[in-house]
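Geometric and topological summary
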Amino acid sequence: MGLYRSKAIVLRSRNLGEADRVLVLFSEDRGKFEAVVKGARRQRSRFVGNTLPFNYLEGLFFTGKNLDSLSQAELIRSFSTLREDLLKFAHASFWVELIDGFLPERQEAGEVFRFLLAAFLILEKTGDPKVLNLAFQARLLKYLGYQPELGRCICCGTNPEKDFSFSAAAGGVVCPDCSSQYRDSLPVNRELLRWFGLLGETDLRELHRLKIEPDVLPRVFNLLSGFIENRLERPLKSRVFLDNLNR
Ligand SMILES: [Zn+2]
């Protein structure tokens, strides 16, 4: 039986059988993978406590036939504030759903891993994560190679002056002539698209420099999450929770 160590963030967990729990983990060197914690629901040990969602741990794993198992876990950082504060919890859950939805299993994604870790560290400290959340989505799309076209019409290449729309299905901006082909197209303006682009380029630690008008935020959020849902080909469960909190 193979044995290995890995540092990973716990994305989520689910129950298995009577007593076990399966963790969905994200590590710098192995990407997203699953591991079972045997007897997790029958014991209240520190080890089991270290495997809560959002925790960053260093684990000792055994390779299994179907599923690897986690036998020891040292806590590197608990990120307990992300579980205790409702607003932070909603955002962390949303991000985890995106990472979990987009990343294939066991494919190294070190850049995305370091990005999530940095975002968690900033989320811990921030009082208002709205802009951070937009930047997280825009930048994640960039890392995944899913950037929409924000300049010219994606269908015919014209550069519309006004009255243009954004279609997630088309993959970006569409001009008035082409927009009728896309039922999901939403009217947008240059300012909205400029923020979309800027949020994807700005370092998460520098976001306070961006002066975004509060009324623009929900419109950018709609554009981004609509685009993400289109790429994922399903609605995001944690988006509803987030929408309700931000209302
Ligand atoms: Zn066009």
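Each chain carries its own residue numbering, running from 1 in the written order of its sequence. Per-residue local features of the predicted model are confined to residues with pLDDT of at least 70, and side-chain atom pairs are confined, for both listing and counting, to 80 or more; whole-chain, interface and lining totals are unaffected and use all residues.

This part takes up the domain arrangement of the protein. Assigned domains within the protein: domain 1 (3–77) and domain 2 (128–148 + 167–246). Computed from C-alpha atoms alone, the centre-to-centre distance between domain 1 and domain 2 is 33 Å. Note that the domain bounds were set by an automatic or database domain assignment.

This part is about the nonpolar core. By size, the foremost hydrophobic cluster in this structure holds 60 residues, and its most contacted members are Ile9, Leu25, Trp95 and Leu116. A domain-level breakdown of this core finds at least three residues from each of domain 1 (3–77) and domain 2 (128–148 + 167–246). Buried Ala, Val, Leu, Ile, Met, Phe, Trp, Tyr and Cys residues whose C-beta atoms connect them within 7 Å together make up a nonpolar core. Whether a residue is buried, exposed or partly exposed follows from its count of other C-beta atoms within 10 Å of its own C-beta, namely 20 or more, 12 or fewer, or something in between, respectively; the C-beta atoms are built from the backbone.

A pair of strands is treated as paired once DSSP finds two or more bridges between them. Helix and strand assignments follow DSSP, with helices taken as H or I runs no shorter than four residues and strands as E runs no shorter than two, numbered in order from the N terminus. For strand E3 (residues 31–37) and strand E5 (residues 68–77), the ladder comprises 2 bridges, and the chain directions are parallel. Each bridged residue has a counterpart across the sheet, and for valine 36 the counterpart in E5 is serine 69. In the sheet, strand E4 (residues 56–62) pairs with E5 via 7 bridges, with the strands oriented antiparallel. Bridge pairing links leucine 60 to glutamine 72 in E5. The antiparallel pairing of E4 with E5 creates a hairpin that spans 5 residues between the two strands.

A few words now on the sheet that holds strand E6 (residues 165–167). Taken together, 3 strands build an open sheet; the order of strands is E7-E6-E8 and the sheet is antiparallel. Only two strands of the sheet have a single neighbouring strand rather than two, namely strand E7 (172–174) and strand E8 (186–187). Pairing of E6 with E7 involves 3 bridges; the strand directions are antiparallel. Looking across to E7, one finds that serine 165 is bridged to valine 174.

What follows concerns helix H6 (residues 190–201). Here H6 contains 12 residues, and its C-alpha end-to-end distance of 17 Å stays within 8% of the 16 Å for a straight helix at 1.5 Å per residue. Buried within H6 are the following residues: Leu193, Trp195, Phe196, Leu199 and Gly200. Viewed end-on, H6 has its buried residues packed into an arc of 155 degrees, placing them on one side of the element. Opposite the buried face of H6, by more than 90 degrees, sit the exposed residues Arg190, Arg194 and Glu201. In this structure, the buried residues of H6 make contact with helix H5 (130–144), E7 and helix H7 (217–232). Take the residue count of a helix, subtract one, and multiply by 1.5 Å to get its expected span. Regarding the arc, it is the one traced by the directions from the helix axis to the C-beta atoms. By definition, residues are in contact whenever their C-beta atoms, placed on the basis of the backbone, come within 7 Å of each other.

A separate point is the packing of helix H4 (residues 110–125) against H5. Two numbers describe how H4 lies on H5: the axes approach to 11 Å, and their chain directions differ by 175 degrees. When the axes of H4 and H5 are compared, the pair comes out roughly antiparallel. Together, Glu111, Val112, Phe115, Ala119, Ile122 and Leu123 of H4 and Leu132, Phe136, Arg139 and Tyr143 of H5 make up the contact between the two elements. Charged residues are taken to be Asp, Glu, Lys and Arg, nonpolar residues to be Ala, Val, Leu, Ile, Met, Phe, Trp, Tyr, Cys and Pro, and polar residues to be all remaining types, Gly included. A per-class count over the contact of H4 with H5 returns 8 nonpolar, no polar and 2 charged. Axis definition: a line fit to C-alpha positions, over the contact stretch in the case of helices; interaxial angles, taken between N-to-C directions, run 0 to 180 degrees. For classification purposes, angles smaller than 35 degrees are called roughly parallel, those larger than 145 roughly antiparallel, those between 65 and 115 roughly perpendicular, and all remaining angles oblique.

Look at H5 against H7: their axes get within 10 Å of each other, and the N-to-C directions meet at 30 degrees. By the angle between their directions, the pair H5 and H7 is classed as roughly parallel. In this structure, H5 crosses over H7, and the sense of that crossing is left-handed. On the side of H5, the interface is formed by Lys130, Leu134, Gln137 and Ala138, while H7 contributes Leu217, Val220, Phe221, Leu224, Ser225 and Ile228. Considering only residue class, the contact of H5 with H7 consists of 7 nonpolar, 2 polar and 1 charged. Crossing chirality is assigned from the near helix's rotation relative to the far helix, an anticlockwise turn below a right angle marking it left-handed and a clockwise turn marking it right-handed.

With respect to the helices, strands and loops of the structure, serine 185 is situated in the loop between E7 and E8. Look past the residues within four positions of serine 185 in its chain and what remains in contact with it is Ser165, Phe166, Ser167, Val174 and Ser179.

The next point concerns the pairing of E4. The pairing of strand E1 (residues 3–16) with E4 spans 7 bridges and is antiparallel. Bridged to serine 6 within E4 is glycine 59.

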